[in-house]
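# A structural walkthrough
Listed below, chain by chain, are the residues.
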Amino acid sequence: MFLPRIVKRMSPLLGSRMSLNACRFASTDLVRTEVDDKTGIAVVTMNRKPVNSLNLELLRELSSALDAVEKNKSRGMILASSLDTVFSAGLDITEMYKPDQARLKDFWTTLQEVWLKLFGSGFPTAAAINGHAPAGGCLLAMSCEYRVMRPNLTIGLNETQLGIVAPSWFMSTMENILPRREVELALTLGKMFSTEKAHEIGLVDEIVDTKEEALAKCTEFIQLFARVPREARALTKQSFRREALQKLDRDQDLQMFIYLVNQPQVQKGLGLYFESLKKK
Ligand SMILES: CCCCC/C=C\C/C=C\C/C=C/C(=O)SCCNC(=O)CCNC(=O)[C@H](O)C(C)(C)COP(=O)(O)OP(=O)(O)OC[C@H]1O[C@@H](n2cnc3c(N)ncnc32)[C@H](O)[C@@H]1OP(=O)(O)O
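A brief look at the structure comes next. (Residues numbered from 1 in each chain as written. Predicted model: local features only at pLDDT ≥ 70, side-chain atom pairs only at ≥ 80, totals over all residues.)

### A few points about the nonpolar core
Among the nonpolar cores identified, the biggest contains 73 residues, and I78, A126, A128, I129, A141, I155 and C218 are the most heavily contacted of them. Beyond its immediate sequence surroundings of up to four residues, I129 is in contact with F87, A141, R147, V148, M149, L153 and I155. (Core = buried A, V, L, I, M, F, W, Y, C linked by C-beta atoms within 7 Å. Buried ≥ 20, exposed ≤ 12 C-beta atoms within 10 Å, placed from the backbone. Contact = placed C-beta atoms within 7 Å.)

### Focus: the site of the ligand
As a matter of local geometry, the ligand sits amid 30 residues, with A89, G90, L91, A135 and G136 nearest to it. Taken together, the elements giving at least two residues each to the shell around the ligand come down to α2 (93-96), α10 (250-261) and α11 (264-279). Looking at the shell around the ligand, the element that brings in the most residues is α10, giving 4 residues. Here the residues of the shell around the ligand sort into 19 nonpolar, 7 polar and 4 charged. (Near = placed C-beta within 6 Å. Helix = DSSP H or I, 4+ residues; strand = E, 2+ residues; numbered from the N terminus. Nonpolar A, V, L, I, M, F, W, Y, C, P; charged D, E, K, R; others polar.)

### Structural notes on the pairing of strand β5 (residues 76-81)
On a regular strand, one side chain projects to one face of the sheet and the next to the other, so that they alternate. Summarising burial for β5: 6 of the 6 residues are buried, a large majority. Neither face of β5 is exposed, since G76, I78 and A80 on one face and M77, L79 and S81 on the opposite face are all buried. In the sheet, strand β4 (residues 41-46) pairs with β5 via 6 bridges, with the strands oriented parallel. Bridge assignment links V43 to a residue of β5, and that residue is I78. Note on the crossover from β4 through helix α1 (residues 56-71) to β5: the handedness is right-handed. Bridge analysis of β5 against strand β6 (residues 125-129) gives 3 bridges, and the strand direction is parallel. Within β6, the position partnered with L79 by the bridge is A127. (Pairing = 2+ DSSP bridges. Right-handed = clockwise from strand over helix to strand, strands pointing away.)

Shown next, in the form of C-alpha cells:
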C-alpha cells in the first residue's frame, strides 16, 4: 500500500544547479516522488533493482504516484530510473509465467490503469531515459510527451521477438509519435532501436550524456508550458489522445490477455525467454 510521506528536504536530484531548492517527497521503496518547490515539477523515479521490471507492486506504486502528482497540482512530471543502465526492462516476466490467476488479473488491470493515467494525464510529462527501455519500459517512455535519452542504449517494442503480441494500445501509443509505416515495421520486426536511431526517426527527442542533463532537458520542455493556461493545455492534449484512450476496452483487453498468456505455447515461450535471460 502506497502511503505518501510529505516532508521538506534539500534536493540531491539535479546536482548543484537545483540543490538549494526545497523539495516535497512522497516516496516508497519502489517509487520516489520529489517535487521541486521552485519549478513545481515532480520527478517520479522507479527504483526496483535490478532492472525496474514492472511487477504488480511497482505498477501499484506508479499508479499512486501519478495520482499524487495530479492531486498536488504539480506543473509537470518527469519519469526516471534510479538505475545506471536500465530505465525499465518492461513487464516482469515472472508475473506472466506460471501465474497465479487472481494476481495476473490484478497485474494487467493495474498496468492498464497506469497507462490510462500517464498517457491521459492533463499535466505535462517527460521521460528521462537514462537506461535501456524495452517493451513495457518503452511503453512508459512513449506515454510521456517528450523523451530525452542517454547514448548507446536501446528502446523499442520487442514483443514479436519474444513470440508475443503487443496489445493494441501499446501500438496506438507508438502511433502517437511515429508515422504508421514506421510503427508497422517496428512492431512486426520487434525492433529495438539504438538511442541514435530512435532520435533519427523521432522516437526520442534529444540525446544527452548524463542523467542530470536528461532531467534538465525534461525540465526545460515542461517549462515551455509555463505561460500556457493549464486547463486549455490539458484539454487539448486529452482531446488529441482521446481516440487512442477510448479504443482501450478494458474488460475485453483483460480477457484477451488472460486467455493468451495461459496458452501452452505462450507459457513455453515465456519460460524459454526467461531462462535465456538468466543464462545471459
Ligand atoms: C492482446 C494481449 C496479448 C497478450 C500476449 C501475452 C503477453 C503480452 C503482453 C504484454 C506485452 C509484453 C510486454 C513486456 O514488457 S514483456 C518484457 C519484455 N522485456 C524484455 O524483453 C527485456 C528483457 N531484459 C533485458 O533485455 C535486459 O535485462 C536489460 C533490460 C537490457 C538489462 O540488461 P542487464 O545486462 O543490465 O541485466 P540482465 O539481463 O543481466 O538482467 C538482470 C536480472 O533481471 C532479470 N530480468 C531482466 N528482464 C526481466 C524482465 N522483463 N522480467 C523479469 N526479470 C527480468 C534477469 O533475468 C536477471 O535476473 P538474474 O536472476 O539472472 O539476476
